[in-house]
Amino acid sequence: MKSLKPRVENDRPIDDYVVQDQIGHLLRRAHQRASSIFQSYMGHVQITPTQFAALTKLRDEGELSQNHLGRLTAMDPATIQGVTRRLIDRGLVQIRPDETDRRRMLLRLTEAGLELTEDIIPYGFDITDDTLEPLTEDEQELFLALLKKIS
């Protein structure tokens, strides 16, 4: 665990710290923008960003354990459990025991889940385009590359 004592570099005066210019604040603002745009496209189907990620990854991969799906979509175990439970309750995902390891459950899309996922994937492109719209094409590529680098 890191010490609570701040690092002092370049003798930066604390009065130079402006919260609106800091990474956490800016990422939160960008996330709020992306979430609002996502909701404007997906609100009619009542799908959250985490549910969309799970549905699209199950479409891509076929059948996955809940744990593996969580890792692939960057969700912690509690989050992926809630996401999959809601998708199962909606009849979009089905679950079955793994034949080689009865303790593990496998998830896959139902026909309704596949149909919905394929209907809404095109919105994903629009969401990305609208979120990045203030940037030039070169800035978009650089921004996405930098986000990938820090994540």
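It should be emphasised that the depicted structure is a prediction, and the values quoted were computed from it without experimental measurement. (Residues numbered from 1 in each chain as written. Predicted model: local features only at pLDDT ≥ 70, side-chain atom pairs only at ≥ 80, totals over all residues. Heavy atoms only, no water.)

Let us now look at the packing of aromatic side chains. Here the structure, examined in full by the defined rule, presents two aromatic pairs. Ring geometry for Phe38 versus Phe52: centroids 5.9 Å apart, planes at 65°, classification edge-to-face. Residue Phe38 is found in helix H1 (residues 23-42), and its partner Phe52 is found in helix H2 (residues 49-61); the two are separated by 14 residues along the sequence. Grouping residues by exposure puts Phe38 and Phe52 together as buried. When the ring of Tyr41 is compared with that of Tyr123, the centres are 6.0 Å apart and the planes differ by 45°; the resulting orientation is tilted. Remark: Tyr123 occurs in helix H5 (residues 111-132) and Tyr41 occurs in helix H1; sequence separation between them is 82 residues. Here Tyr123 falls in the partly exposed class, since its relative accessible area comes to 27%. (Phe/Tyr/Trp six-rings, centres within 6.5 Å; stacked < 30°, edge-to-face > 60°. Helix = DSSP H or I, 4+ residues; strand = E, 2+ residues; numbered from the N terminus. Buried < 20%, exposed > 50% of the residue type's maximum accessible area, 1.4 Å probe, protein only.)

Before going further, it helps to spend a moment on the pattern of salt bridges. Within this structure, the stated rule accounts for seven salt bridges. Where Arg96 meets Glu63, a salt bridge forms, and the shortest distance between an N and an O atom there is 2.8 Å. One end of the pair, Arg96, is in strand S2 (residues 93-97); the other, Glu63, is in the loop between H2 and strand S1 (64-65), with 33 residues separating them in the sequence. Residue class for Arg96 comes out partly exposed when judged on its relative accessible area of 29%. (Salt bridge = Lys/Arg side-chain N within 4 Å of Asp/Glu carboxyl O.)

Take the environment of Gly70 next. Residue placement: Gly70 occurs in helix H3 (residues 66-72). Gly70 sits in the buried class, given a relative accessible area of 1%. Measuring from C-alpha to C-alpha, the distance between Gly70 and Glu99 comes to 21 Å, with 29 residues separating the pair along the chain. Beyond its immediate stretch of four places on either side in the chain, Gly70 contacts Met75 and Ile80. (Contact = heavy atoms within 4.5 Å.)

Reading across the sheet, the three strands line up as S1-S3-S2 and stay open at both edges, with antiparallel pairing between neighbours. A single partner strand is all that each edge strand has here, and the edge strands are S1 and S2. Pairing of S2 with strand S3 (residues 105-109), which is carried by five bridges, proceeds in the antiparallel orientation. Among the inter-strand pairings, Pro97 is bridged to a residue of S3, identified as Met105. In the packing of H2 onto the sheet, the strands contacted are S1, S2 and S3, and the crossing angle to S3 comes to about 95°. (Pairing = 2+ DSSP bridges. Axes fitted to C-alpha atoms, helices over the stretch in contact; angles between N-to-C directions.)

With that settled, consider H2. With 13 residues, H2 should reach 18 Å at 1.5 Å per residue; the first-to-last C-alpha distance of 18 Å fits that figure. Looking only at H2, the buried set comprises Gln51, Phe52, Ala54, Leu55, Thr56 and Leu58. Immediately beyond the C-terminal end of H2, within one or two residues, lies Gly62, with a positive phi of roughly 90°. (Expected span 1.5 Å × (residues − 1).)

Before going further, it helps to spend a moment on the pairing of S3. As defined by bridge partners, S1 adjoins S3 across two bridges and the pair is classed as antiparallel. Looking at S3, one finds that Leu64 is bridged to Leu107.

So, about the packing of H2 against H5. Contact pair H2 / H5: the axes reach a minimum separation of 10 Å and the direction vectors enclose 115°. The pairing of H2 with H5 is recorded here as roughly perpendicular in orientation. When the axes of H2 and H5 are compared, the crossing they make is left-handed. Along its contact with H2, which presents Phe52, Leu55, Thr56 and Arg59, the element H5 presents Leu114, Thr117, Glu118, Ile120, Ile121 and Gly124. (Parallel < 35°, antiparallel > 145°, perpendicular 65-115°, else oblique. Left-handed = near helix turned anticlockwise from the far one by under 90°.)

Just geometry here; none of it tells us what the structure is for.
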